[in-house]
Amino acid sequence: MINIIAASTKQQFKDIASLANTIWREHYTPIIGIEQVDYMIEKYQSSGAMYVQFIDGYEYFMIYYQSELIGYFSMKKRKDSLFLSKIYIAKDFRGQGFGKQAMDFVSKQAKNLKCKSVTLGVNKYNTNSIEAYKKMGFKIIGEMVTDIGNGFIMDDYKMEKII
């Protein structure tokens, strides 16, 4: 069983950023390369970037198993949908149901906010995550190519789960 804690302090965002740095380097380097990983960590996964997103209305949550921080996620309501901006679980804890428990929490939040769906973007080559999302009821509903600057793009699928 996991414990999900809302993040709001600069120290909590530093803790999340430390975990993000580890997860991103391990998981995404083979998919998008180290240069884009470095760029995206600084732009989207650093403590400062996440704190700015928090101030802008994104809710951040820390996932604990026992007393260890094993993951995090971020979401924001957009009209009648809940956008899941981030969800990451540390490598040693994947495949054990922790991500599903976090997604169940997200779905409950969506219902409480009167949302009709949960949406997310996932890299087209992140096949393990795509399969995990499909098992949780998400469907691919489109493609998104986003220029994120510095010569890099995000080449994603848009996925949706109807609530």
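Throughout what follows, the structure given in this document is the object of discussion. Keep in mind it's a predicted model, so treat the numbers as computed, not measured. (Residues numbered from 1 in each chain as written. Predicted model: local features only at pLDDT ≥ 70, side-chain atom pairs only at ≥ 80, totals over all residues. Heavy atoms only, no water.)

With that settled, consider the pairing of strand S3 (residues 68–78). Within a regular strand, the side chains alternate between the two sheet faces. Two elements, strand S2 (residues 59–65) and S3, share seven bridges in a ladder whose sense is antiparallel. Note on S3: the bridge partner recorded for Tyr60 is Ser74. The hairpin formed by S2 and S3 contains two residues between the paired strands, and Gln66 there has a positive phi angle of roughly 55°. Connecting the antiparallel pair S3 and strand S4 (residues 81–89) is a turn made up of two residues, with Lys79 showing a positive phi of about 55°. (Pairing = 2+ DSSP bridges. Helix = DSSP H or I, 4+ residues; strand = E, 2+ residues; numbered from the N terminus.)

Right, let's get into the nonpolar core. Of all hydrophobic cores here, the largest spans 50 residues; its most connected members are Tyr72, Phe73, Leu84 and Tyr133. Looking at this core element by element, the count peaks at eight residues for helix H1 (residues 10–32). In contact with Tyr133, other than residues within four places in its own chain, are Ile87, Met103, Leu120, Val122, Phe138 and Met159. (Core = buried A, V, L, I, M, F, W, Y, C linked by side-chain atoms within 4.5 Å. Buried < 20%, exposed > 50% of the residue type's maximum accessible area, 1.4 Å probe, protein only. Contact = heavy atoms within 4.5 Å.)

So, on to the pattern of salt bridges. Applying the stated criterion across every chain yields a total of eight salt bridges. In this structure, the salt-bridge partner of Lys76 is Asp56, at a minimum N-O distance of 3.9 Å. With Lys76 in strand S3 and Asp56 in the loop between helix H3 (47–55) and S2, the pair connects residues that are 20 residues apart, well separated along the chain. Here Asp155 and Lys124 are joined by a salt bridge, their closest N and O atoms 2.9 Å apart. Placement of the pair is Asp155 in strand S7 (residues 152–162) and Lys124 in the loop between strand S5 (117–123) and helix H5 (127–135), with a sequence separation of 31 residues. Overlapping salt bridges, with partners in common, bring together Lys124, Glu143 and Asp155 in one network. (Salt bridge = Lys/Arg side-chain N within 4 Å of Asp/Glu carboxyl O.)

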